[in-house]
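Results of the structural survey
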Amino acid sequence: MLFNSNSVTIIIMNTKLEDYKKLISNIKTKDIASLVNVDINMAGKYKRFTNLPRLDKAILIEDTFGIPARAWVKLRDHKRETIK
């Protein structure tokens, strides 16, 4: 079912983002680092959404943990909006 209301769309999107945030926070930093071959520091930045994984790394994370590659961008943008 599609909704025409932008506010409903935003609520649904934010709910999904919160779900992805929880999923990401539950992944061990060392597991991300090992999977995508980055150091622990960079994997921590991914988890804090201060850096985004490259597309090839985001796809590995998607295939392994089920977090869509585009979720990283949305989460980073959402974080920036809440800081303003």
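Here the structure is a predicted model, which means the values were calculated and not measured. (Residues numbered from 1 in each chain as written. Predicted model: local features only at pLDDT ≥ 70, side-chain atom pairs only at ≥ 80, totals over all residues. Heavy atoms only, no water.)

Let's talk about the overall build of the protein chain
In plain terms, the rule: Only DSSP runs of H or I with at least four residues qualify as helices, and only runs of E with at least two residues qualify as strands; both kinds are numbered from the N terminus onward. Buried, partly exposed and exposed residues are distinguished by accessible area as a fraction of the type maximum, computed with a 1.4 Å probe on protein chains only: under 20%, between the cut-offs, and over 50%, respectively. Whether two residues are in contact is decided by their heavy atoms: any pair within 4.5 Å suffices. Method for areas: the Shrake-Rupley scheme with a 1.4 Å probe, in which residue coverage is limited to the protein chains shown.
The helix and strand tally for the protein chain stands at 5 helices and 0 strands. For the protein chain, the proportion of its 84 residues judged to be buried stands at 27%. By sequence separation, contacts in the protein chain at least 24 residues apart represent 45% of the contacts at least 6 residues apart. Accessible area for the protein chain stands at about 5900 Å²; split by element, carbon and sulfur atoms hold 54% of it.

A word on the packing of aromatic side chains
Formally: Centre distance within 6.5 Å is the pairing criterion for rings of Phe, Tyr and Trp, where only the six-membered ring of Trp is used; planes under 30 degrees apart are then read as stacked, over 60 as edge-to-face, and the remainder as tilted.
Under the defined criterion, the tally for this structure stands at 2 aromatic pairs. Summarising the aromatic geometry, the rings of tyrosine 46 and tryptophan 72 are spaced 6.4 Å apart at their centres and angled 65° between planes, so their arrangement reads as edge-to-face. Of the two residues, tyrosine 46 is situated in helix H3 (residues 40-48) and tryptophan 72 in helix H5 (residues 69-83); the sequence distance between them amounts to 26 residues. When sorted by exposure, tyrosine 46 lands in the same class as tryptophan 72, which is buried. With a centroid separation of 6.1 Å and 55° between ring planes, the pair formed by phenylalanine 49 and tryptophan 72 is classed as tilted.

Quick word on H3
An α-helical segment advances 3.6 residues per turn. Residues three or four places apart therefore align on the same side. Test applied: Relevant arc is that of directions from the helix axis to the C-beta atoms, nothing else. We define a polar contact as two N or O atoms separated by no more than 3.5 Å, with the added condition that, inside protein, one atom must be a possible hydrogen donor and the other a possible acceptor, whereas residues neighbouring each other in sequence contribute only through side-chain atom pairs.
Within the span of H3, buried status applies to Ala43, Gly44, Tyr46 and Lys47. End-on, the buried residues of H3 take up no more than an arc of 155°, which puts them together on one face. Residue aspartate 39 occupies the N-cap position of H3, its side-chain oxygen lying 3.2 Å from the main-chain nitrogen of asparagine 41.

Some points on the packing of helix H2 (residues 29-36) against helix H4 (residues 55-65)
Put simply, the rule is: Every axis corresponds to a line fitted to the C-alpha atoms, with the helix fit spanning only the stretch in contact, and the corresponding angles, defined between N-to-C directions, vary from 0 to 180 degrees. Oblique is the label for any angle not covered by the other classes, which are roughly parallel (under 35 degrees), roughly antiparallel (over 145) and roughly perpendicular (65 to 115). Crossing handedness is defined as follows: a turn of the near helix away from the far one that is anticlockwise and smaller than a right angle gives a left-handed crossing, while the clockwise case is right-handed.
Their axes nearest at 10 Å, the elements H2 and H4 cross at an angle of 120°. In terms of orientation, H2 and H4 fall into the oblique class. Seen along the crossing, H2 lies across H4 with a hand that is right-handed. Contacts between H2 and H4 involve Asp31, Ile32, Leu35 and Val36 from the former and Lys57, Leu60, Ile61, Thr64 and Phe65 from the latter.

Focus on unusual backbone geometry
A positive phi angle, near 60°, is found at asparagine 37, a position not held by glycine. By the element assignment, asparagine 37 lies in the loop between H2 and H3. Within the chain, phenylalanine 49 stands out as a residue other than glycine whose phi angle is a positive 65°. Here phenylalanine 49 is to be found in the loop between H3 and H4.

In short, the description is geometric, and any link to function would need to be established separately.
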